[in-house]
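Observations on chain architecture
Next come the chains, spelled out residue by residue.
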Amino acid sequence: MIRGVAPAGQSRHLALRLLPGEDLREAVEEAFSAEPETAGFVAAAIGSLSAARIRPAGRNDALMLAEPLEIVSLSGTLSPDGAHLHIAVADARGTMTGGHLLPGCAIRTTAEIVIALLTDLRFSRPQDPATGYNELVID
């Protein structure tokens, strides 16, 4: 286990309201990169999408959903090296689909996102030789 502790009160929050047509992942990454902190996470997210590009577990290719979707969950970490974000969406039947959030998720009506910015930690994502992926390092 790798662990980092941020003292209580050593964070601030950034609230976003995304508009129709904006790309969810790009907007979250742009908002984070405009701030001075080097560690963050998605604290809350609700909203709707008109389309979603998701990479489910065990797949190397993207799944494209082109229909009205509700954001049921969005979570992940943010670093200067990029974001690691997972999303779950539900269609009109209530069927849920989830996986890695990729660019190409267009906001349908709105999305309300709260990002927690950690002032005393630094996140980075170098390649981990054990997994072959860019994994979280906490400083």
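Criteria and thresholds
- Sequence order as written defines residue numbering, which begins from 1 separately in each chain.
- Given that this is a predicted model, residues contribute local features only at a pLDDT of at least 70 and side-chain atom pairs are listed and counted only at 80 or more, while totals for whole chains, interfaces and linings are drawn from all residues.
- The basis for every side-chain value is the complete set of non-hydrogen atoms in the structure, without hydrogens or water.
- Definition of nonpolar core: a set of buried residues of the types Ala, Val, Leu, Ile, Met, Phe, Trp, Tyr and Cys, connected through side-chain atoms within 4.5 Å.
- To sort residues, take the accessible area from a 1.4 Å probe on protein chains only and compare it with the maximum for the residue type: under 20% means buried, over 50% means exposed, and anything in between is partly exposed.
- Under the DSSP-based scheme used, a helix requires at least four consecutive residues in state H or I and a strand at least two consecutive residues in state E, with every element numbered from the N terminus.
- Working rule for contacts: check all heavy atoms of both residues, and any pair within 4.5 Å makes them a contact.
- By arc we mean the arc of the directions from the helix axis to the C-beta atoms, nothing more.
- Distance and chemistry together define a polar contact, namely a pair of N or O atoms within 3.5 Å, with one atom able to donate a hydrogen and the other to accept it when in protein, and with adjacent residues in sequence counting only for side-chain atoms on both sides.
- The rule for pairing is simple: two strands pair if DSSP sees at least two bridges between them.

Some points on the nonpolar core
- One finds Leu 24, Leu 49, Leu 74, Ile 87, Ile 113 and Ile 115 to be the most contacted residues of the largest nonpolar core, which totals 29 residues.
- Among the elements of the structure, strand 1 (11-18), helix 1 (24-33), strand 2 (40-55), strand 4 (69-79), strand 5 (82-90) and strand 7 (106-118) are those that each provide at least two residues to this core.
- In contact with Leu 74, not counting residues within four places along its chain, are Leu 24, Val 42, Ala 45, Leu 85, His 86, Ile 87, Leu 101 and Ile 113.

Comments concerning helix 1
- For helix 1, the complete set of buried residues consists of Leu 24, Arg 25, Ala 27, Val 28, Ala 31 and Phe 32. Along the axis of helix 1, the buried residues cluster in a sector spanning 165°; they form a single face. When the buried face of helix 1 is taken as reference, the exposed residues oriented beyond 90 degrees from it are Glu 30 and Ser 33.
- Turning to helix 1, the residues buried within the fold contact strand 1, strand 2, strand 4, strand 5, strand 6 (96-101) and strand 7.
- Sitting at the amino-terminal end of helix 1 is Asp 23, which places a side-chain oxygen 3.2 Å from the backbone nitrogen of Arg 25.

A word on the side chain of Glu 37
- Within the secondary structure layout, Glu 37 lies in the loop between helix 1 and strand 2.
- Of the polar contacts made by the side chain of Glu 37, one reaches the side chain of Arg 12; its length is 2.8 Å.
- Once you skip the residues sitting within four places of it in the chain, Glu 37 turns out to touch Arg 12, Phe 32, Leu 117, Leu 118 and Thr 119.

Some details on the pairing of strand 7
- Alignment of strand 1 against strand 7, held across eight bridges, turns out to be antiparallel. What sits directly across from Leu 14, in strand 7, is Ile 115.
- Sheet analysis places strand 2 next to strand 7, joined by nine bridges and oriented antiparallel. Looking across to strand 7, one finds that Ile 46 is bridged to Glu 112.

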